[in-house]
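# Secondary and tertiary structure notes
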Amino acid sequence: MSDHDQFRIHLSLVSHTNIGKTTLARLMASAFDLPFISISAVLGGVKEIRDAVDAAKETMRLTGRPTLLFVDEVHRFSKSQQDAFLPHVESGLFVFVGATTENPSFEVNSALLSRSTVYQLQSLKPEESEVLLERALEREFPKLSVTEDARRVMIELSDGDARRLLNAVDVSCTMALERGMTEVDAGFLRKTLPATLRR
């Protein structure tokens, strides 16, 4: 397998919002040492697609490496806009990663979908959130005690969203340390966490 061929793996990531599709795409680009371009189908259009193609061609000319192209909300692009990616996916210019909250079988171009592997991403289970919470506390706030009730509140409020959970840990524990506290309880959490984390 050549260096060029090893990157001909294309993905469609399916999940509801706030699962980490963009983060996962960035991690993939970093892991394979590939340039990364992100396009939002909500905000972008033909110009953004052309700009991405031009940038990827220049990268290929200079380095011989493809570009990982992440298209968020790919189902928002029309079928003809999605068609514009096909020749560049087939040529190896792009490693294509499309993200959608919809069923890709109905919303993504069949030719593009047939060249992709579809992964459905899930929210964290409570026990997985608990492991993440423990790691975050041990690493960032080792001298601060967090009660079991407070831990349960953080996990429930995060609703399986790792980003929301880590934000809750950071906000509440930083504020507790600033106030000279040694323990965080559920009552303190409810008073200090912003509404965006308590929804």
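Everything discussed here concerns the structure shown above.
Please read all numbers here as calculations on a predicted model, not as lab measurements. (Residues numbered from 1 in each chain as written. Predicted model: local features only at pLDDT ≥ 70, side-chain atom pairs only at ≥ 80, totals over all residues. Heavy atoms only, no water.)

### Some thoughts on unusual backbone geometry
Where we set the bar: Secondary structure follows DSSP: runs of H or I at least 4 residues long count as helices, runs of E at least 2 residues long count as strands, and numbering of each begins at the N terminus. Note on exposure labels: buried denotes an accessible area under 20% of the residue type's maximum, exposed denotes more than 50%, and partly exposed covers the range between, all computed with a 1.4 Å probe on protein chains only.
Non-glycine residue D33 carries a positive phi angle of around 55°. Residue placement: D33 occurs in the loop between α1 (21–31) and β2 (36–40). A residue is classified by how much of its surface remains accessible, and D33, at 58% relative accessible area, is exposed. Non-glycine residue D159 carries a positive phi angle of around 55°. Within the element layout of this structure, D159 appears in the loop between α8 (148–158) and α9 (162–178).

### Some thoughts on the pairing of strand β4 (residues 94–100)
Which entries qualify depends on this criterion: The rule for pairing is simple: two strands pair if DSSP sees at least two bridges between them.
Among the seven residues that make up β4, seven are buried, leaving the element largely enclosed by the rest of the structure. Residues F94, F96, G98 and T100 line one face of β4 and the alternating positions V95, V97 and A99 line the opposite face, and both faces are buried. Pairing analysis gives five bridges linking strand β3 (residues 67–72) to β4, with the strands arranged parallel. Directly across from F70, in β4, lies its bridge partner V97.

### Here's the deal with the packing of aromatic side chains
Applied cut-off: Stacked, tilted and edge-to-face are the three classes applied to pairs of Phe, Tyr and Trp rings, where Trp contributes its six-membered ring and a pair requires centres within 6.5 Å; stacked means planes under 30 degrees apart, edge-to-face means over 60, and tilted covers the rest.
Per the stated rule, a full pass over the model turns up three aromatic pairs. When the centroid spacing of 6.4 Å and the interplanar angle of 20° are considered together, the rings of F36 and F70 count as stacked. With F36 in strand β2 and F70 in strand β3, this pair connects stretches of sequence that are 34 residues apart. When its relative accessible area of 22% is taken as the criterion, F36 is described as partly exposed. The buried category is assigned to F70, whose relative accessible area is 0%. Ring centres of F85 and F96 lie 5.4 Å apart, and the angle between their planes is 50°; on these two criteria the pair is classed as tilted. Taken together, the residues F85 in the loop between α3 (79–83) and α4 (86–91) and F96 in strand β4 connect sequence positions 11 residues apart. You'll find F85 and F96 in the same group, each marked buried. Linked through ring pairs, F77, F85 and F96 together constitute an aromatic cluster.

### Let's talk about the nonpolar core
Rules: Residues grouped as a nonpolar core are buried Ala, Val, Leu, Ile, Met, Phe, Trp, Tyr and Cys residues, joined through side-chain atoms within 4.5 Å. In what follows, a contact means two residues having at least one pair of non-hydrogen atoms within 4.5 Å.
The biggest cluster of nonpolar side chains holds 21 residues, and the ones touching the most others in it are L133, V146, M154, V169, C173, V184 and L189. For L189, the residues in contact, after removing those within four places along its chain, are A150, V153, M154, S172 and V184. One finds L69, F96, L112 and L113 within the second-largest nonpolar core, a separate group that totals 20 residues.

### What about the side chain of T100?
The condition is simple: Polar contacts here mean pairs of N or O atoms no more than 3.5 Å apart (in protein, one a potential hydrogen donor and the other a potential acceptor; neighbouring residues in sequence count only if both atoms are side-chain atoms).
Relative to the helices and strands, T100 is located in strand β4. Within the structure, the side chain of T100 is placed 2.7 Å from the side chain of H75, a separation counted as a polar contact. From its side chain, T100 meets the backbone nitrogen of E102 in a polar contact 2.9 Å long.

By themselves, these observations are geometric and do not establish any function.
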